[in-house]
Structure formats: structure tokens, C-alpha cells
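The chain contents come next:
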Amino acid sequence: MTAGQISRQRWFRLGLYGLLVLVVGLVLALGQQVVDQLSALREEPLDNVNWNITQLELDLVRFQAEVDLAVALPGRDLTELRKRFDLFYSRGRLLARGSMLSRLDVSQSIGPITTQIAEFLDATAPLIDGPEEDLLPALPRLSDETRRMRIDLRVGLIKVVAEFAAMADERRASFGQVLIRLAAATLALVAVLAALLFSLVRVNRQAERRSAETQRVSSRLAATVGTSLDGVVVAGSDGRVIDFNAAAEGIFGYTRAEAIGSDMADLIIPKQHVKAHRAGMERIRAGGPKHVVDAGRIQITAVRKSREEFPVELSIAENTGPNGTIYIAYVRDISDRLAAERALTTARDEALAAEKAKTNFMAVVSHEMRTPLNGVMAALEIASRAPADARQSRFLGIARASAEQLLQHVNGVLDISKIEAGQLVINPEDVDLGVLVASICDTMRPVAAERGNTLHLHQLAPLPMVRGDAFRIRQVLESFLSNAIKFTSDGSVTVELEPQDETDTSLVAEIRVTDTGIGISEADLGRVFEEFVMLDPSYGREAGGTGLGLAIARRLTEAMGGTIGVESEAGEGSCFWIRLPMQKRAGSARTTRPEPAARVSAPTGAAEGLDVLVVEDNATNRIVLEELLRTLGHRVTLAVDGAEGVKRARAHRHDVILMDISMPVLDGIAATRLIREMGKSRHCRIIAVTAHTLPDELARFRAAGMDGCLTKPISSAELAAVLVMGQEDAAPVGTGADPDAEPPLIDPERTADLRSAIGEDGFARALARFAGDGPAKIAALQALAAAGPRDREATLALCHELAGAAGTLGTARLHARMAAAETALREGDMAAFSGAMEGLSDLWRDTTAAMAAAVTAPHV
Amino acid sequence: MKLDFRTATMALSIVMGGALSASASDLAPPGGEVILTVTGAIGTTNSDGAARFDMDLLTSLPQHSFTTSTIWTEGTNTYSGVLLKDLLAAVGATGTTVNATALNDYQINFPVADVAADAPLVAYLVDGEPMSVRDKGPLWLIFPFDSNASYRTEETYARSIWQMDRLSLAE
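We now turn to the structure provided with this report. (Residues numbered from 1 in each chain as written. Chains lettered and ligands numbered in written order. Predicted model: local features only at pLDDT ≥ 70, side-chain atom pairs only at ≥ 80, totals over all residues. Heavy atoms only, no water.)

Topic: the packing of aromatic side chains
Scanning all chains against the criterion turns up 16 aromatic pairs over all chains. Judged by centre distance (6.0 Å) and plane angle (85°), the rings of F529 of chain A and F576 of chain A are edge-to-face. Here the residue F529 of chain A occupies a position in the loop between helix 15 (522-525) and helix 16 (537-543), and F576 of chain A occupies one in strand 12 (residues 573-584), the gap between them amounting to 47 residues. On the numbers, 6.4 Å between centres and 50° between planes, the contact of F143 of chain B with F145 of chain B is tilted. Among the residues examined, F143 of chain B registers a relative accessible area of 6% and is labelled buried. For F145 of chain B, a relative accessible area of 2% translates into the label buried. By way of ring pairs, the aromatic residues W72, Y79, W140, F143, F145, Y151, Y157 and W162 of chain B are connected into one cluster. The ring centre of F395 of chain A lies 5.4 Å from the NZ or CZ of R394 of chain A, which sits over that ring. (Phe/Tyr/Trp six-rings, centres within 6.5 Å; stacked < 30°, edge-to-face > 60°. Helix = DSSP H or I, 4+ residues; strand = E, 2+ residues; numbered from the N terminus. Buried < 20%, exposed > 50% of the residue type's maximum accessible area, 1.4 Å probe, protein only. Lys NZ or Arg CZ within 6 Å of the ring centre and 35° of its normal.)

Written out as C-alpha cells, the structure reads:
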């Protein structure tokens, strides 16, 4: 039903009402007419006229009869004659006066007659009233006159009667017409009433339909609101409650009857919020902005009937109806949910704390176990070099094998626990994969030879410098190689290195380790990368593995974003492979090492005769290191703590210093700084010796001026490798191996590591401090540089501090620049120092801008 | 107001019954010219089983008059005479129908019950003058047409008999 239809219907009805008034008026008017005419008809003696007219003639006839009798019978009493005359006279006068006939408007035709009658009566009356002697002789004449009179009267009266009849007809017709009009008007009235009735019936039906519809809708709505699990509170713009459903009763504790009509402020709003609530309602009433209405879900505090406050989730909608604006609030009691969330958070925090405690425990245990183990192994190694009989040699061999196995266990468990704790951090650096793989092969070659195996390395295509975690790649590859060597006797192990899917910026490095060993049955292939899997107990025993190696390899590979796999056939040998996606280092030159083995194949021979200072507080380790170094043919000086180490380093120029980190009095880092400051050994290579292997600590060592790191327990092979490296390449480890190439402003991986390690907030704080302190330090540094080499130590300290901070934050170019400056200053190369200081302000500005951009970027 | 004649008559009988019955045999014989003869069901007579009235006898009855116009006359006139009910009481009428006859033998009937307290009047004076036969005399049974519309009907017009000289009451 459209508005147009309703309006049309209303106009139709109004028209009908108007018509009704009109028709009723018409009927009343006609009715009045009928009544009037009827009463006129009743009152007027029409029929009496006819009667009188005929009586007149009769009276005349009877008078004439008496006259004729008196003529015929002389002496007859004339009383009757006189009476007849009087009666005719009476009737004639009645007619002649015309009071009755004139009213009937027929006097025209009766006029001559009445005149004639009047004349007759006037002429005759004196005769009748006179004496008999006058009357008698006149009787014959009177008879003739009367006869003539009678003829004229009859003719005239017939005319009158006819006229009167016509007139009566006319009056009847007129009355009939009024009646017909009245009937027509009545019919119209009935029609109008019928139409009105029809219209009203229709309106009534519509109203009933609409009422039923409204009823249905409102009952549906009531059911919806009533069964809502959320509390529904409806209030008017005056803040008074209009509706309050069952759920709201349950939430707030008020019954619906109590709630309706009450002010929300008194009912469900906590005392401390009432003022704000009233201000808000006032603002909305005044047409101001709405903060809560239509704002979606919000959390807010409400209060129950018991005045207990509790958290609710609230969503308020607004609706403007005929009775003004109402607000509909859906309320959900979220006390339980919040409690559950709190419980979950607590549980999570507790679990995390427990996990952390476990990890800490593992780290402590590993440290505490590996240090004595280091002593045991070193002592065994030394003991085995002394002359011994066959029996002693055999026992020593067993002891060494057992110690190594124990070390593997410890390392394996530690790795797994670290990975499980999510502490595995991939630390990408520039890596020459060819060199890395070759060095690993070189390390493993003697082990392979022990079991009669030959180890081959094939690099199938030249590889550029890439970004990767050399330590972890080495771990995976060593795991593959040691497995291959263990399960192969008098066979061959082949390592293949192949770059694939190479683009301008990235490539996938595939490394395959193929052996000719016993192979793995198809059934076991799926399980080899699971934890604690020993395919064959007998082999396990023979090989002495923990079953953790491949599992760790898999996790490491996955952590580096690579894939790992194995193909094998029992009895035919196995092929283990990894595929690692890697970013190319910008501007790196393609390198091939056609004979890498030849260059690294004889480490021991090339590094003899170095002057080595060992700074170590643990006597066992000191002795072990001394023995190892002497065995390798080096000269050894010992220092029992950092302070003594510094003293000896300054007093005598050494080639290499092996520096323990955790020492009383003066720790390795502080000692290194002091050594770098002055003295004869300030340019020598300082290698950290530590059980700590966390990446950020390595960065700290480097920042302190250390060149490399040896992880306890130390094997003679590793020691030899470090010493060789130092001889071959005097550049500090990890700092600008390629001096020509400017590192990027920011090392994104370094930054990402830091962000994941200390969190977004921590990172932002660190960055803010760096950006805040930086300008002053840069300015101070430039001032010192301009003043010349007078205050060298202060300049050096500033350079060192800036380099450290820059390195930590991953601002690679600034770090490189400051490290170069520091090195130049240490070496007294003032030209290089000046070069490093050039454009430092610009570099600082670019760096901070880049960092600002990085910190707003999402952490990927 | 519609009056029930019989009720009125009964009331009258109760009040005046004694006097009427005492005078019934006393209705004096007419001394002068008889102008009205009443016959039929009547309790009182004065000559040959009829009640005959001369002018003196009529004027000895309670007098009444009213002024009205009629459809037969011009203007209004005052008519005086004896109310029919008083006349009927005087003759001790017991009939239920009145039969009135004129000099020319015009005759009308109507029930005694239609005789009201104020009409009709047996008039013998118009404007204080006696009525001659030429002027609807000597007696005119007339109604106060002006005072009540219910008298202005054909039936009443027909009952307005003039030149009346006889009345008879039928059971």
C-alpha cells in the first residue's frame, strides 16, 4: 500500500462525506416540502368545493320546485318556499363571496355565475321578504328566471368542476414529482451510504491487516530481543530505560519492571562514569559528535544491582522513530572471557618462564660440562702423543673416542634444546661457499682416510660471494660428511657444489654428499631426519652417533629457508643433499677455486713458529692450550688473567693472542681493548676462546677488537686452522674483508636479527638512543680529528664506541667506516683515518634517515 | 391534548349527577320557536320523547365562545353558544354516535367519543348577533379551527354542519 493510495482513499472518503451531507440536506428539504404539501392538502377543503357546487344547484332546483308548486296550488303556505330561498341564498352567498373559490384560483370561470347569482338574490330577496300579495303575482316570473338561472348555473358549474379537476390533477402531479425527487434523493442517500460503508469496511480491513502485521513484527522483534544471549537495553534520549531483556536481567540483576523507566545513570553506569555519561548524553542531545554510539564494539565498565563493577563489551545503535531518538545497547558480560584471557596469559607467561629457565639451565649445563670435557680431551690428546705401549695406546684411544662421543652428545642436546626454545638465530654474513665447502672437506679428509675412504670435492660452476650463515652450513655439511664416512668403508665420498636458479641477486646453492656406503632401506628413508633415529643399532654402536645429527641438520636447513633430502638404495650408497636459497652479495666478483684443497691442505706445516700469548684463568685449559700449541710448533707465553695478559702483550710483541673471555679481575673483552690501545702487541691478532657461541657475543668480541673466535672445547685441527687463517689474511675477521666495496647503509638481516632478538620496542629505544647520542659524538669526533693526533686515545675510544653501536644496530656502512677509522688510528695511518672521516656527517644523516624508514617498515 | 369524552362525561356525572337527574324531568317545555330537536338515546326529554330547545332553553345551558376564522368566511369572527358536550349532558345522552341534520337535510355522523371538552360548539351567535338561515343560522356546529391544526381537516370541515336543527343519538 503506497502513500498515494492511502491519500487517494482518504480523499475518496472525504468526498463521500461531503456528498452525504449534501444528499441528507436534499432529503430533508424534500421531506419538508412533502410535509408542507401534505398538510396543505389536509387543510384545504377541495372536496368541499365540489359538494358545495352541486348543493348550490340542488338548492336552486328545490327552490324552483316550491315556486312551481306555489304557482300550481294557489293558497299554499309559502313558509317552505321562503325556507328554500333562504337555503339557496345562504349557499349562493357563500359562493358569491368567493372566500373559498377565490383561493382556488377558479374565480375567472365562476365570476359571471356568481355575479348572476348575486343579482338574482339581490332582486329576489325583497320579494320573498315582502308581503304575500306582492310575492304571489311575481311567482310565475320568478319560476321563469329560476329556470333560466338553473341552465346558466349548470353550464358554469360544469366548467368550474372541470377546471377544478385539472387543477387538482396538477397539484397531485406536483406532489408526485416532489415524492419522486424525494425517492431519488433517498436512493442517492442509500448509494452514498453504501459507498461510505464499503470504503469504511475497506479501511477497517486495511487497518486490521496493518495491525496484524504490526503485531507480528513486534512480537517477532520481542522474541528476537527476548532470546538474545546478549543483554539488550533500550533507552530514550533522556537516558531512561525503555526496554530491558531477559539477558540484561541476568547480567545486571535488575528485573525488567525495576529497570524500565529508571535512569541508566542510576542503574548500570558506575559512579565514576556517571558524570561523563551525562555530559555525553547532553552533547548528543545538543547535536554534538557521538563517541560511543555506532562506534562498534567497545569495552567499558558497568555495574550490577549489587554495585559490583564488571567489564562489558558494548555496542550501541541509534534509531529515530515517531517518539524521538532511542538508543539500543547490546551488552555482553566479558568478566569470564577476560578472566580466561588473563589465565591464558598467565599460563603462557609461566610456560615461557619455564622454557626460559630450561634453556638457561641447558646453557649453564653445557658450559659447565664442556669446560671440563675440554680439559679431558685435551689431556688425552697430549697423553696420546707421549710414548706409550700398545695397551696404553689402546686405552687412550678408547678414552678419546668416548670423550668425543660425549662431546657430540652434549652439543647435539644443546643444539636441539636451543632450536626447540626458538633460540636458533641464523646469522648471515658474506660467504664464499667454495672456500667454505673446501675447508670442511679438508677438515674431514683425515677422518675419511681413517676408514679407507677417499673424499672428493667438485664445484660444478663458479659461485659468487653470497650471504649465508657459514657456521650453520658447516654444521649441516659436517653432519652429512661424518655420516657418509661412518657408513662407508674403503669407498669414496663425493661432495658436489652446484649453483642453481641463479638470478641477478639470488641463487640456490645445492650441496650433495654422495657415498658408496651401505645405503638406507626404502622403508627407513622417511625417518632419517627425525630425532633419535638409529636405523641400525649395530651400526649406531659402531658409529657412536646420537641420532641427532641429521635431525639438527634438517632443522638448521629449514631455519635457513632451504630444503633437505636423501636418496638412497640399500647396499648402493646414499646421496644427502641440501638446497639453500641465498642472496648474492652486492658487487661481488665471481670466484672459482679450482684447487681449494691444495691451498688449505697443509695447515700445520705453514703456521709453525708463531709467538702465541695464551690468556686463560683455568689452569687445565691453560695447560691444554700450551701443549696443543707446542705440539703444533709454536712458542707459547702464558698469562693467568686479563691484567697479566695486558701486561705481557704490551711488553712483548706477539703474533697471536688467545684470549679467554670469562676471567676474574679483567675479562677478555676489556683486556683486548687495553691491548689494542697501546703496547707492542696492539696490532697482533686476538682470538677469543670461549664456550659462549651466541651471535651477539661474537659481535661484541669483534667490537672489542678481536679478530676471531674459537669455541671450547678446542681441537688441535681447529686451533691450527685459526692460526693458519691469521697468517694468510691479516685483515680482522668479520670486518671489511673487501675494503674496496662500500657495504650498504643498513644490513637488513642484521637489523632483522636485532629486532627479533630484543623486540620492536627495544629496537626502537636502542635506535632512539643511537640517533639521540650520535650527532654529539660525531661532532666530538670531528673536533678531535681536526685537532690532530694530540688526543689519540679519546678519538680511538669514540671511533670504537660508534663502530660498536653501528655494528650492533646493523648500520653497516657507518660501522665499516668507523672500524676503518679505528684501525687506521691504531696503525697510525693518518691518511686512511682522514679518508674515513671524510663525509662523515652526510653518512650519519643518510644512516639515520634509512633507519627511520626501516623502523616504520614492518618487521618481516 | 386529546380528550377522552367518555372519561370527561363520567367525571361530570360524578360531580353533577345529582343535579342532572333532578332536573331531567324538569327540562322545561319550550315556550318559543323550537330551533333544535334532540332525539334517540337520551335520558331527559320535554315533549313527546324528545328534547326540544328554544332560544331561552339553550341560553339557560352553560355558555361558551371562541374566535376563529373558517374556510367559508372572511376574517375572524367570535362564535357563541353551548358546547356540544354540555348539551349532551343536559339531555342525558347515552348513545355512542351523534347524528346531526340540517334544514336542507344534510346529515353527518360522528362518535360521541370525538366530542371534546372545548369543541364542537353549537353556536347561535356570531359576533353577538343571531344567525339567520341565509347566514348559516340558526345553529352552526363549529370548531376552533385556528387554535388547533388537528381541526383543519377534511373530516372536521365535513362535521362543521350549519343550519342545524336536529340531533339524534344512536346506541
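Still more to cover.
A few points about the packing of helix 14 (residues 470-486) of chain A against helix 17 (residues 549-559) of chain A
All names here are of chain A. Axis separation between helix 14 and helix 17 bottoms out at 9 Å; the angle between their running directions is 145°. In the crossing of helix 14 with helix 17, the sense of the turn from one axis to the other is left-handed. Here helix 14 contributes R472, Q475, V476, S479, F480 and N483 to the contact with helix 17, which in turn contributes G549, L550, I552, A553, L556 and T557. Class assignment for the residues of the contact of helix 14 with helix 17 results in six nonpolar, five polar and one charged. (Axes fitted to C-alpha atoms, helices over the stretch in contact; angles between N-to-C directions. Left-handed = near helix turned anticlockwise from the far one by under 90°. Contact = heavy atoms within 4.5 Å. Nonpolar A, V, L, I, M, F, W, Y, C, P; charged D, E, K, R; others polar.)

A few points about a nonpolar patch on the surface
Residue and element names in this part refer to chain A. Together, W11, L14, Y17 and L200 make up a nonpolar patch on the protein surface, roughly 430 Å² of accessible area in all. The leading source of residues in the nonpolar patch is helix 1 (residues 3-43), at three residues. Within the secondary structure, W11 sits in helix 1. (Patch = residues over 30% accessible without salt bridge, like charges linked within 9 Å, V, L, I, M, F, W, Y side chains within 5 Å. Areas by Shrake-Rupley, 256 points an atom, 1.4 Å probe, with all protein chains shown as cover. Salt bridge = Lys/Arg side-chain N within 4 Å of Asp/Glu carboxyl O.)

Overview of the sheet that holds strand 1 (residues 231-236) of chain A
Residues and elements named next belong to chain A. Read from one edge to the other, the open sheet built from five strands follows the order 2-1-5-4-3, with strand pairing classed as antiparallel. Bordering the open sheet on either side are strand 2 (241-244) and strand 3 (298-303), each of which pairs with just one other strand. Put simply, the sheet's adjacent strands are angled 35° from each other on average, direction ignored. Where strand 1 lies against strand 5 (residues 324-333), six bridges are found, and the strand directions are antiparallel. Bridge assignment links G236 to a residue of strand 5, and that residue is I326. (Pairing = 2+ DSSP bridges.)

Some points on the pairing of strand 3 (residues 64-69) of chain B
Residues and elements named next belong to chain B. By the bridge criterion, six bridges tie strand 3 to strand 4 (residues 76-83) in an arrangement that is antiparallel. Each bridged residue has a counterpart across the sheet, and for F66 the counterpart in strand 4 is Y79. What sits between the antiparallel neighbours strand 3 and strand 4 is a turn of six residues, in which G75 has the positive phi angle 70°.

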